[in-house]
Amino acid sequence: MLYKRRKYVLQIIIIIISSFLLFNVFFYIQIKRSYENRFYEIGDKITSQTTKALTHWVEDQIKVTKMIAKDQRIINACRFPENEEMVNQAQEFLQHIHDLYPYYENLPLSIKLEKQITKNVNGKVVKINHGEFLIDTVNGKTIGKGGMDYSYISEIFKGKDYFVSDIYPSILRKNPIFVISAPVRYDSEIIGVAIISPQIEYFTKAFVDNVNFENTGYMFLIDDRGIAIAHPDREMILYNSKKFKYIGKEILGKIAKGNNYFEANLLKEKKFYICTDVDIPAENIMNKWYIIFTQTKREVLENADKYLNIIIIAGIIATIIVVWAIYLVFNINQRELYKEKLEEMNKALEKKVQERTKELRKLATTDSLTQLDNHQTACEKLEKAIQQSIKEKSPLIVMMADLDKFKRVNDTYGHQVGDEVLKSTAHIISDNIREGDTAGRYGGEEFIVILPNTQLEEGLKIANRIKERIADEIFFIESLRVTVSIGIRKWQGENSIDLVKYADEALYQAKENGRNRIEIG
């Protein structure tokens, strides 16, 4: 009887222990899955936000390249490559852009040529052929280099609106860079290629270095060659380290099979990976980019394994009810913590994207020297003003103002004083127009002023006020005086190009009639 009772008790104990163990095996599997899902949720959020930020950044870089390509100084240099003055003006403009974006490796200008030309560069005669660099921003070190063997040049001459090159060692310093290029056009013909070349070091700092999670979670980028193009470990970039040579191909193999979420044993360590491709049209980029977020399996499942050990040690003492209660509380707390952490990371990433987007948009629409609207933005606002005048049947005035004999200022006092004069002139123009009016730097020392809903008489008053203020201004040097000639035109139904043309012709007439005066077009 006692034996039967012991046997019965033993059976009950075995059943309880077996049930307990089976329950906790199931429980461990659920916890493990929850931690794996947590990794994928966090990784998906990180890669998605980074993709958005990176796409915006690339789009803004494309805008900068196209803005350079549309600048009249760049167009003039491509049209007249042997005109030293025009080439120097384009050189100064590109150098100014390079000063604004110090992370660019170089801002060369590739040119279309029917025949070879020569140029004196730092005392040496350099031969320049079709597609090679006419200008650069590295003291002439790359002039005469480039050419049609480079994809970012040949693809533009084939008709691409823009092109993003592969990641490759700079021909200047051998550091990793990539190139964004855009066509320079005149009368719809491609006559050159504008080029910017961001350094991968900046690219990595901006989009990779700050994305860390716990101790082993980090992000890197590869392209469809399987090459690391951005990585917190700089030795990984461009296969500088042999240990990365097979990793990219393994990851691409998984992606090709449709596995954007996977576990792999690379570099002799088991890790989880999540992959997202960067949304840049395939026809405009040499190699497709992929954003990879990874974390070691050990760290992802660390808490789950600890919890399993605790359960095993606790053994028979813990009951199914207690374990279930702990499971519920644990899940609730973890979900709240994960939710808060994801929300914090999301807000931080969105804030960075907004700040960077705002900064780049301002750089793309504002003249960096005068802080007025740049040429492209002023032209767009003129188009809108004309459409508004058509809609409201209201008058519109356009003024073109040009500083008289400004070259003498630069020649006599230097370009730094000339820049200060331009900034002061822009300030005077801004102070003497009304809210709702637009002032922009049209190019060089020429300014455009758009006066919506304004009759000719009121426009003349504003023009006279600007002219007198500039003539009275003391520009830093007591002997320095500057005057301005102004052409003014009332809109009479013509398009924006003709409207600016008539105002410009009036400006020319003002110059011909003695300068420091206003003429009506």
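Residues numbered from 1 in each chain as written. Predicted model: local features only at pLDDT ≥ 70, side-chain atom pairs only at ≥ 80, totals over all residues. Heavy atoms only, no water.

## Examining the overall build of the protein
On a plain count of helices and strands, the protein comes out with 14 helices and 20 strands. Sorting the 521 residues of the protein into buried and exposed places 49% on the buried side. Across the protein, the fraction of contacts at a sequence separation of at least 24, relative to all contacts at a separation of at least 6, is 62%. Accessible area of the protein: about 27,100 Å², with a carbon and sulfur share of 51%. (Helix = DSSP H or I, 4+ residues; strand = E, 2+ residues; numbered from the N terminus. Buried < 20%, exposed > 50% of the residue type's maximum accessible area, 1.4 Å probe, protein only. Contact = heavy atoms within 4.5 Å. Areas by Shrake-Rupley, 256 points an atom, 1.4 Å probe, with all protein chains shown as cover.)

## Considering the sheet that holds strand β4 (residues 133-135)
Each strand in a sheet pairs with another by means of backbone hydrogen bonds, the pair being arranged parallel or else antiparallel. Sheet architecture is open: five strands sit in the order β4-β1-β9-β8-β5, paired in antiparallel fashion. On the outer flanks of this sheet lie β4 and β5 (163-164), each paired with one strand and no other. Direction of pairing for strand β1 (residues 109-111) relative to strand β9 (residues 189-196): antiparallel, over a ladder of three bridges. Counted as the bridge partner of Ile111 is Gly192 from β9. Helix α3 (residues 84-100) contacts β1 and β4 of the sheet and is inclined by roughly 85° relative to β4. (Pairing = 2+ DSSP bridges. Axes fitted to C-alpha atoms, helices over the stretch in contact; angles between N-to-C directions.)

## Focus: the environment of Val87
Relative to the helices and strands, Val87 is located in helix α3. As for Val87 and Ala77, which are separated by 10 residues in sequence, their C-alpha atoms are 4.8 Å apart.

## Some words on the sheet that holds strand β19 (residues 484-490)
With mixed pairing, five strands are arranged side by side in an open sheet as β17-β18-β16-β19-β20. Each edge of the open sheet is held by one strand with a lone partner, namely β17 (438-443) and β20 (518-520). Across the sheet, the mean angle separating the axes of adjacent strands is 20° when strand polarity is ignored. Strand direction decides the pairing type here: strand β16 (residues 396-403) and strand β18 (residues 446-452), joined by seven bridges, are antiparallel. Each bridged residue has a counterpart across the sheet, and for Leu396 the counterpart in β18 is Pro452. Each of β16, β17 and β18 is contacted by helix α10 (residues 375-392), which is oriented at about 25° to β18, the strand it contacts most. Together, β16, β17, β18, β19 and β20 form the strand contacts of helix α14 (residues 496-512), whose direction differs from that of β19 by roughly 140°.

## Some words on the packing of aromatic side chains
For the coordinates displayed, the defined rule picks out 22 aromatic pairs. Judged by centre distance (3.7 Å) and plane angle (5°), the ring pair of Tyr103 and Tyr202 falls under stacked. Taken together, the residues Tyr103 in the loop between α3 and β1 and Tyr202 in helix α5 (residues 200-207) connect sequence positions 99 residues apart. Using a relative accessible area of 22% as the deciding quantity, one classes Tyr202 as partly exposed. On the numbers, 5.5 Å between centres and 80° between planes, the contact of Phe203 with Trp289 is edge-to-face. Of the two residues, Phe203 is situated in helix α5 and Trp289 in strand β15 (residues 289-296); the sequence distance between them amounts to 86 residues. Site record: aromatic cluster; members linked through ring pairs are Trp57, Tyr101, Tyr103, Tyr104, Phe178, Tyr202, Phe203, Phe207 and Trp289. A cation over an aromatic ring shows up here: Arg79 above the ring of Tyr186, its NZ or CZ 3.8 Å from the ring centre. (Phe/Tyr/Trp six-rings, centres within 6.5 Å; stacked < 30°, edge-to-face > 60°. Lys NZ or Arg CZ within 6 Å of the ring centre and 35° of its normal.)

## Points about unusual backbone geometry
Within the chain, Lys405 stands out as a residue other than glycine whose phi angle is a positive 50°. The residue Lys405 is located in the loop between β16 and α11 (406-413) in this model.

## A look at the side chain of Ser394
By the element assignment, Ser394 lies in the loop between α10 and β16. Since its relative accessible area comes to 10%, Ser394 is described here as buried.

## So, the confidence of the model for the protein
When pLDDT is averaged along the protein, the result is 87; 86% of the residues meet or exceed 70. Long-range and interchain partners of residues 325-330, a stretch whose pLDDT sits below 50, account for seven contacts in this model, where long-range means more than four residues apart. (pLDDT = per-residue confidence, 0-100.)

## Brief notes about the packing of α10 against α14
Contact geometry of α10 with α14 gives a least axis separation of 10 Å together with a crossing angle of 105°. Taken together, the axes of α10 and α14 lie roughly perpendicular to each other. Here Leu382, Glu383 and Ile386 of α10 come into contact with α14, specifically with Ser496, Leu499 and Val500. (Parallel < 35°, antiparallel > 145°, perpendicular 65-115°, else oblique.)

## With respect to the nonpolar core
Leu54, Ile68, Phe178, Val184, Phe203 and Trp289 are the most contacted members of the largest nonpolar core, which totals 73 residues. A total of 17 residues in this core trace back to one element, the largest contributor, which is helix α1 (residues 2-70). When neighbours within four sequence positions are excluded, Phe203 is seen to be in contact with Leu54, Trp57, Phe178, Val208, Leu221, Ala230 and Trp289. Ranked by size, the runner-up nonpolar core spans 30 residues in total, among them Phe406, Phe447, Ile470 and Ile488. (Core = buried A, V, L, I, M, F, W, Y, C linked by side-chain atoms within 4.5 Å.)

## Re the pairing of strand β3 (residues 124-128)
Examined bridge by bridge, strand β2 (residues 117-121) and β3 share five bridges and lie antiparallel to one another. Its bridge partner lying in β3, Asn120 is registered against Val125.

## Section: α11
Along α11, the residues classified as buried are Phe406, Val409 and Asn410. An end-on view of α11 places all buried positions within 95° of arc, on one side of the element. In this structure, α11 carries Lys407, Arg408, Asp411 and Thr412 as exposed residues pointing more than 90 degrees from its buried face. For α11, the secondary structure elements touched by its buried residues are β16 and α12 (415-431). Immediately beyond the C-terminal end of α11, within one or two residues, lies Gly414, with a positive phi of roughly 100°. (Arc of directions from axis to C-beta.)

## Digging into the environment of Ala506
You can see Ala506 is positioned in helix α14. On the basis of relative accessible area, Ala506 is assigned to the buried category, the value being 4%. Separated by 14 residues in sequence, Ala506 and Ile520 place their C-alpha atoms 5.7 Å apart. Aside from chain neighbours lying at most four places away, what touches Ala506 is Gly487, Ile488, Glu519, Ile520 and Gly521.

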